[in-house]
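Observations on chain architecture
The residues making up each chain are set out below.
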Amino acid sequence: MSNGQDIPLSRPDITSLEIDHVVQTLRSGRLSMGPMQEQFENLVAARAGAEYAVAVSNGTCGLHLALLALGIGPGDEVITTPFSFIASANVILYVGASPVFVDINPRTLNLDPGQVELAITPRTRAIIGVEAFGNPAHMPELAALCNRYEIPLIEDACEGFGGSHRGRPIGSFGRIAVFAFYPNKQITTGEGGMIVTDDERLADLCRSMRNQGRPVDPIEPAWQSPGSWLMHERLGFNYRLSEIHAALGVAQVKRLNEILENRNIVASKYISRLMGMPDIILPTVDADTTMSWFVFVIRLSSEFHAENRDRILSGLRRHEVGASNYFPPIHLQPFYRSRFGFNDGDFPITESVAQRTLALPFHTRLSDREIDLVCQTLEVMVQREKFTIDRG
Ligand SMILES: *Cc1c(COP(=O)(O)O)cnc(C)c1O
């Protein structure tokens, strides 16, 4: 992620606790489907307020299994947001269903529940809600809407692990929810993900499908329970998480509060440092939200255009400040344009927001000096662009 830059956009927070867990697991001789997976699942389930947790190889395959477990397939429509990481829409295509994009709320950057209701048809089989940048705004309304229409809410919680909203943990709003543990997320297993749900049937289906369609994991090592290792009840996948990854996850979840607190401190420093800048829109967090900050994304005010933002981005990178344009709209990705014929202007709020975003370096070890350097560089670049705009 650092691209050799001085101040990287993100950086995992790994201590000797993680290293010890991994080394002990390597020494244990049990490298797949063992006690670390179970412990990791239990810790994540507890944190998400869920009955069941199923560890998987990454967030994307977790979402894939969630859709399959809910029986979503060809002919079905799934409503989701175009302002997200591409995986939240791609998984709809994996199962042969049709993505139906709905525009976002310009303040929260999440699906607008009112717009979602207008997009529901008799073919709508699920809604995938995403906590963009970790912000859970509108999740309760989406869940209520899904209840009214008897459609399952799939919570793509890949950007929000550890946060909460109106007293409910992120991951508890959907019928099924998925976390991701790629190195740029709040906590990481290198690659990894976790499905959480209160529905035992969905959890069992996901367990079986992650493990080649085998009967739900026997308590005994599978090779000791005759028949079950070479018995395949349904179409499955190898979406398992190794014990090595799970051991890393166990250590990271144990340190979750410390990590989230440190991320919170960095976010607060950015906010107080940038609050006075007239050309910048800071992220808004509702009073009833405890943020688990995934990334720190600011927006330029509406007089700036995509070219201005891109020049600011290049300027930051030239000064070795890691920055990115989270997220280019999914419907305007070349694959989605050519497959579905989407065009500029189809989802105007998403497009207007996406043209002006800047993700700034964000991780637990960012020093005050570095935060200052990022903000100073940003100020210079923004002023320079503003000058070219004002001169027409
Ligand atoms: C990170 C992320 C995913 C996918 O996670 P991977 O572990 O990289 O597969 C899915 N959806 C969203 C919104 C994400 O940010």
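As the structure is a computational prediction, the values presented were derived from the model and not from experiment. By convention here, each chain's residues receive numbers from 1 onward along its written sequence. Note on the predicted model: pLDDT of at least 70 is required for a residue's local features to be given, and 80 or more for side-chain atom pairs to be given and counted; whole-chain, interface and lining totals, by contrast, use all residues. The basis for the side-chain values is all heavy atoms of the structure; hydrogens and waters are excluded.

Thoughts on helix α4 (residues 87-94)
The rule is simple: take the accessible area with a 1.4 Å probe, protein chains only, and divide by the maximum for that residue type; under 20% is buried, over 50% is exposed, in between is partly exposed. Counting from the N terminus, the helices are DSSP H or I runs at least four residues long and the strands are E runs at least two residues long. Here α4 lies mainly inside the structure; 7 of its 8 residues are buried. Of the residues making up α4, those classed as buried are Ala87, Ser88, Ala89, Asn90, Val91, Ile92 and Leu93. By the convention used here, residues are in contact when the closest approach between their heavy atoms is within 4.5 Å. Considering only its buried residues, α4 is in contact with α3 (59-69), β2 (77-80), β3 (98-101), β4 (124-130), β5 (153-156) and α11 (334-340). After α4 finishes, the residue Gly96 shows a positive phi value of roughly 80°.

A word on the sheet that holds β3
The strands making up a sheet associate through hydrogen bonds between their backbones, and the pairing can be parallel or antiparallel. Strands were regarded as paired on the criterion that DSSP finds at least two bridges between them. Reading across from one edge, β1-β9-β8-β5-β4-β2-β3 is the order of the 7 strands in this open sheet, with mixed pairing throughout. Two strands close off the open sheet at either side, each with one partner strand: β1 (52-56) and β3. For this sheet, the mean inter-axis angle between neighbouring strands, taken without regard to orientation, is 20°. Where β4 lies against β5, 4 bridges are found, and the strand directions are parallel. Note that in β5 the partner of Gly129 across the bridge is Glu155. Each axis is a line fitted through C-alpha atoms, and for a helix only the stretch in contact is used; angles between axes span 0 to 180 degrees, taken between their N-to-C directions.

Topic: the site of the ligand
We call a residue near a given molecule or strand whenever any one of its heavy atoms falls within 4 Å of it. Every one of the 13 residues lining the ligand counts as a neighbour, but Gly59, Thr60, Asp156, Glu159 and Lys185 are closest to it. Throughout this description, a polar contact denotes any pair of N or O atoms lying within 3.5 Å of each other; where both atoms belong to protein, one of them has to be capable of donating a hydrogen while the other can accept it, and for residues adjacent in sequence the pair is counted only when both atoms sit in side chains. Take Gly59: an N or O atom from its main chain is 2.8 Å from an oxygen atom of the ligand. Within the side chain of Lys185, an N or O atom sits 2.8 Å from an oxygen atom of the ligand. Burial of the ligand by the protein chains amounts to 93% of its free accessible area of 380 Å². In this classification, the charged set is Asp, Glu, Lys and Arg, the nonpolar set is Ala, Val, Leu, Ile, Met, Phe, Trp, Tyr, Cys and Pro, and all remaining amino acids, among them Gly, are polar. For the shell around the ligand, a count of residues per class yields 5 nonpolar, 5 polar and 3 charged. All accessible areas in this document rest on Shrake-Rupley with a 1.4 Å probe, and a residue is counted as covered only by the protein chains that are shown.

Describing the sheet that holds strand β11 (residues 289-290)
Pairing within the open sheet is antiparallel, and its 3 strands lie in the order β7-β6-β11. Of all strands in the sheet, those with a lone pairing partner are β7 (168-169) and β11, marking the two edges. Where strand β6 (residues 164-165) lies against β7, 2 bridges are found, and the strand directions are antiparallel. Opposite His165, over in β7, you have Arg168 as the bridge partner.

A closer look at the pairing of β3
In the sheet, β2 pairs with β3 via 4 bridges, with the strands oriented parallel. Bridge pairing in β3 places Glu77 opposite Ser98. For the segment spanning β2, α4 and β3, crossover handedness is right-handed. Seen with its strands pointing away from the viewer, a crossover is right-handed if its path from the first strand over the helix to the second goes clockwise.

Take it as geometry only, folks, not as evidence of what the structure does.
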